[in-house]
Amino acid sequence: MILPIYLYGSQVLRTAAELSPLDDREGLKKFIDDMVETMHHADGCGLAAPQVGVSRRILVVDGNDLVDRYPELKGFHREMINPQFTFESEESSSYEEGCLSIPNVDASISRPARIRVRYVNTDFEEVEEDFEGFAARMIQHEMDHLDGVLFVDRATPIRKKMIAGKLVNIAKGNVHPRYRVKSDK
Ligand code: NI
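Bear in mind that the values here come from a model prediction, so they are computed numbers and not experimental data.

Q: Before we move on, can you summarise the coordination of the nickel ion with the specific residues and values?
A: Each donor-metal-donor angle in an ideal tetrahedron of four donors is 109.5 degrees, and each such angle in an ideal octahedron of six donors is either 90 or 180 degrees. Within the first shell, the nickel ion binds the protein through C99 (SG), H141 (NE2) and H145 (NE2), at distances of 2.1 to 2.2 Å. Mapping the donors of the nickel ion onto the primary sequence yields the spacing C-x41-H-x3-H. Taken together, the positions of H141 and H145, both in helix α2 (residues 133-146) and four residues apart, correspond to about one turn of that helix.

Here's what the structure looks like:
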């Protein structure tokens, strides 16, 4: 089922999400399937539960649409429940980011180049994995969403000034992407 995506300005995007209970496995798997379907429908490469109005620590990422630019992402797909960083490198890297909740806005964002993440997968096993390159980038962007942080918060002061007008317009609802969106304001 395709879910509407909450736009910049929505309160749910600014709320730290709660740990997901693991008892209703079928319900959780169904919700994660809906998240993946919603992400693909919108041509996105990642989605966090707060973006569909659910304040839980769940994210999905898929790099298969990005293999032209990042060949190492072929086959990269993860579904993470209650992820947490167990390592973040001192070394950082910069990539252009965008977000389905902030249509038509991009910015180059600096973040740790390598990370290690512990999470529960959709087989309900606890996993710890290392990521680097754009995969690490995608996961960090989505993990920010679980803390109510958006990539534009991390843009340089100059870039923030350049996109300020666009953000105001999105918060007012003056944006019409071809996927379903909503706001909780
Ligand atoms: Ni995003």
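There's more to say after this.
Q: I'd like to hear about the sheet that holds strand β2 (residues 46-48), residue by residue, with values.
A: Within a sheet, neighbouring strands are paired by backbone hydrogen bonds and run either parallel or antiparallel to one another. Spatially, β2-β3-β4-β7-β8 is the arrangement adopted by the five strands of the open sheet, whose pairing is antiparallel. Looking at strand neighbours, the two that pair on one side only are β2 and β8 (126-132), the edges of this open sheet. Between one strand and the next, the sheet's axes are offset by a mean angle of 40°, whatever the strand orientation. In this sheet, strand β3 (residues 58-62) lies alongside β2 in antiparallel orientation, the contact comprising three bridges. Its bridge partner lying in β3, G46 is registered against V61. Helix α1 (residues 25-41) rests against β2, β3 and β4 (77-88) of the sheet, and its axis sits at about 40° to β3.

Q: Before we move on, can you summarise the packing of aromatic side chains with the specific residues and values?
A: Across all of its chains, the model carries four aromatic pairs by this definition. Where Y70 meets Y95, the ring centres are 5.8 Å apart and the plane angle is 75°; that geometry is what we call edge-to-face. Taken as a pair, Y70 in the loop between β3 and β4 and Y95 in strand β5 (residues 92-99) lie far apart in primary sequence, 25 residues in all. Assessed through its relative accessible area of 13%, Y70 is described here as buried. Judged by its relative accessible area of 19%, Y95 falls in the buried class. For the pair F76 and F131, a centre-to-centre distance of 6.0 Å together with 70° between the ring planes defines the contact as edge-to-face. Pair noted here: F76 is in the loop between β3 and β4 and F131 is in strand β8, with a separation of 55 residues, a long-range link. The burial state of F76 is the same as that of F131; both residues are buried. Linked through ring pairs, Y70, Y95 and F134 together constitute an aromatic cluster.

Conventions and cut-offs
Residues numbered from 1 in each chain as written. Predicted model: local features only at pLDDT ≥ 70, side-chain atom pairs only at ≥ 80, totals over all residues. Heavy atoms only, no water. Donors = N, O, S within 2.8 Å, 3.2 Å for Na, K, Ca; no water. Helix = DSSP H or I, 4+ residues; strand = E, 2+ residues; numbered from the N terminus. Pairing = 2+ DSSP bridges. Axes fitted to C-alpha atoms, helices over the stretch in contact; angles between N-to-C directions. Contact = heavy atoms within 4.5 Å. Phe/Tyr/Trp six-rings, centres within 6.5 Å; stacked < 30°, edge-to-face > 60°. Buried < 20%, exposed > 50% of the residue type's maximum accessible area, 1.4 Å probe, protein only.

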